[in-house]
Every structure is written in structure tokens, then in C-alpha cells.
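Breakdown of the fold
Listed below are the residues making up each chain.
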Amino acid sequence: MANVIKLRKGLDIHLQGKAAENLIKLKSNGKFALVPDDFEGVTPKVVVKEGDKVKAGDALFVNKQYPEVRFASPVSGIVREVVRGERRKVLCIKVDSDSQQEYVDYGKKDVAKMDGQQVIDALLEAGLFGYINQLPYAVSTNPSVQPKAIFVSALRDKPLSGDFQYEAKGQEQDFVTGIQALSKIAKTYIGLGIQPDFQTEIRKLGIDKYAELNIFDGPCPAGNVGVQVNHVNPVNKGEVVWTVGDPTVVLFIGRLFNTGKVNLTRRVALCGSEVTSPAYVDMLVGEELSTLLSNSYDASKSVRIINGNVLTGRPTTKEGFLGAHTSEITVIPEGDDADEVLGWILPRFNQFSVSRSYFSWLQNPWFCSKKKQYALDARIKGGERHMIMSGEYDKVLPMDIYGEYLIKAIIAGDIDRQEALGIYEVSPEDFALAEFVDSSKLELQRIVREGLNILRKENS
């Protein structure tokens, strides 16, 4: 039996434009790029040159700090350009794909006969190891450090997030193989939501033999892998856990061992209130978004295109590329053309707020199962101001830490205080909801990321 962990703190934001379980097919324009910034904490060293011929699974760059950690090309083709920014920072490596794909054959493997080091070596060779992160610091992990446990979150509960149960349909064996492989390295925990069909299928394939299942019953951010670690096996100073917050990575790993090839296909939700027909599409990591977005929304409107979900995603354009951990492409109104006469004094029945200053709270009573959906735009609606200790963060942060005090310690640069307040347990995404409700309009995710980077540098 799976353990059921009930969470009370958090916030579900109901937005218009959730993707329907309808799969649309698109013809790729053949333009791909792998973006090093998708892998937090990695300093890239490019190992290809413009004009080189690569196969799907060949390395495009490696982690300069750990050169054995390679990052595989999603397609076969010609390296078109290595794009660099200020101080020659590598922004992306572009590849023009072949019409007929060629794959590096790493050979099918029987995971049952492998040990943990053999699994790690196989992932390093195929360029997939860098997709695994770690706590503390919430960065791409170091293969030389043995983790005390591995956590996989198969629950997506952020606003408009893609349904992993729908994505994994028909690929349950790949998921179980991926979990079996990870379990060879360290004790593995899987966090799930109320997904009866998915749970039934993976249990039929014997996943209980390889991992401990935990069902998280509560509002967002119950799906955050950091929240799950906090409730199951917290990280203390000096300890390391590996995390897979993107369950599609487990499919990548399972496909590698079952087929011997690197297949970075993922099912992406095209969603948001500005999307004409929200649906799903199968895309490769690094695929250009222009084909997907060409006729999906009214181009005459001012919109914000987000590579990811509305809480943690990054702004992008049609010329952007699908992120390595991206399960949604979201399109919402920018809000720069909004014209609200006496907006601050109106009752605001169609705008969302966590406080009762808007009358919209009357439309979402606790006993109503069908919640009103909102079309929120990208405006901040206010400027940055002094931080007030109001307890706002604690209401949406279901972790055993004092969020507001931790943020103040990071801003002050007090490392001893940060350690005492649990910075080793958190990642920036854990503060995404706190950033949304914050009346001080602070960029909490950026603050936490800067704090973690400083702490990692100090402890290196």
C-alpha cells in the first residue's frame, strides 16, 4: 500500500485554457537547439563545431566541472551554430535535423543484471545523467557523490500543468524500467497524486519492488519534489538526495535501457487563455516553437509566451526552443494594453485574489466542486516595496521551514542563519506560490536561486 500524505497548505489557481486530452500532430521545421541554461548549475563546454555531423545521442556539450557529464543531441543532423552571448557565454547549440534520423546505438540492457555504478555509467555515456538534479542547491547533480535517496515526483499540479498520466499512457513499461534503474543507485521514492489508472498500470508491472510510493493529497505545490522530500526524508547539512521533478526524465531513462537509443520525445501541453484550441502535442526537447505557435493564438493581441508553466516558466518567443524540462507552453495576455477605469475601486468579480478584497472570492465557496476559472495576465499590479512579516508565505508553503525569515536571511547574506532556517531543503520553485501571493512584489525565486548559488560557492 502507498503512504498517503495529506497537505493543507498551498493554493490551487484555476486558470482558463487547460489543455484537452486531444493529441495534435505537427510537422517539424527541422530546427533544434539545446540550451545549457535548462540545466541549472552546469557550466557548458562545447564539444562540437559548426558544420559537424551528429547523431541523436551524440554529445553537444559537457559540464566543464564534471566532463563525464555529457548532454545529448535530440536529433541527428548538422550543427548549424554555437550561439554565444556576453563574455562568450554559450546560449545554445543549434542543429538542423536530417529528414531521416540516425541514432547512436548504446545497446539494450537488462537493468535487473546491472548495479548502481553500471546504471550511472550508462546514463553518463548516453548524455542523460545531467537531467537528474540534487538537493541541496537544486542543481544538476554530481555523479561522484552517492545520494542517500532518490525522489521522483510524478505529480504535476501547477496551474495549467500537463497531465503526466496522459503523457505516460502506453509508456508505463518505460517508466517502470526507469525507476528500476534509479533504484539500483539508491532507495527511490515516487510521489503521486490521485491517479488511479496510472497507479494500477505501474503496479501491475511491479513498481512496488523498486520504489516506495507516496500519494500526496493536497493543493499545489504538493507536486514539488522539494515538498515531497521535506515530508518523507528531509535533507540535513552534509547529505545529498537526487531529485527528478520532471517525470518525463524517467521515461527518457527507461527508453534508453529498453531500446538502446536516446529518445527525447515528450508530450507537451499547449495551454493558456489566449490559445484557440488548447491540446497536447508530441515534441522533441529543443524543438523550435514556431511550428507549434504559428496559428495557435490571435497574433494581433499582446501576449506573453511562457516556456513552461505560469509560475516557474521563462518568457520566450516563437523563435524559442522547447526547454529540457518543459511540459507546457503557455500563452496568456501580457496586460500592457489593459485599460481599467477605477480598477482599484471596482468589485472585480473576474479577477483572482487570495485576499477577500476582491468580490471574486464569493464565486469559489468551499463546498463548490467546480471552481471559477480566471484569465490572468502577466501584470505584477504593484511595485516592489518593503517586506512585511505578514505570514503570507506560510499559508502556501507546506514545508517545515520559516519562509519569510529564510528570505530575509538570504537578502541579508547571513549564511549561518540560512543554514539554520533550512536552505538546504528548498529550491526556487518551492517559493513560486509565495511569490505569487507576495504583497511586497519580491522576486522570491530569483532571491532563492542567488542564495543557493552563493552557498554552493562558499561550500565548494
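You'll find the structure just up there.
I will try to describe carefully the structure that is included in this document. (Residues numbered from 1 in each chain as written. Predicted model: local features only at pLDDT ≥ 70, side-chain atom pairs only at ≥ 80, totals over all residues. Heavy atoms only, no water.)

Overview of the pairing of strand 12 (residues 149-153)
Most of strand 12 sits out of view: five of its five residues are buried. Burial of strand 12 is two-sided: the residues Ala149, Phe151 and Ser153 facing one way and the residues Ile150 and Val152 facing the other way are all buried. Bridge count for strand 12 against strand 15 (residues 241-244) is four bridges, and the pairing is parallel. Residue pairing for strand 15: Val152 is matched across the bridge by Val244. Sheet topology places strand 12 next to strand 13 (residues 188-192); four bridges connect them, and they run parallel. Residue pairing for strand 13: Ile150 is matched across the bridge by Thr188. (Buried < 20%, exposed > 50% of the residue type's maximum accessible area, 1.4 Å probe, protein only. Helix = DSSP H or I, 4+ residues; strand = E, 2+ residues; numbered from the N terminus. Pairing = 2+ DSSP bridges.)

A look at the sheet that holds strand 7 (residues 70-72)
Taken in spatial order, the three strands line up as 4-6-7 in an open sheet, and their pairing is antiparallel. Taken across any chain shown, the strands that pair with only one partner, and hence form the sheet edges, are strand 4 (44-46) and strand 7. Recorded for the sheet is a direction-independent mean angle of 35° between the axes of neighbouring strands. Where strand 6 (residues 59-63) lies against strand 7, three bridges are found, and the strand directions are antiparallel. (Axes fitted to C-alpha atoms, helices over the stretch in contact; angles between N-to-C directions.)

Some words on unusual backbone geometry
In this model, Leu135 is joined to Pro136 through a cis peptide bond whose omega is 10°. Residue placement: Pro136 occurs in the loop between strand 10 (133-135) and strand 11 (139-140). Across the junction of Cys220 and Pro221, the peptide omega takes the value 15°, indicating a cis bond. Within the secondary structure layout, Pro221 lies in the loop between strand 14 (212-217) and helix 5 (225-232). Of note in this structure, Arg88 is not a glycine but carries a positive phi near 60°.

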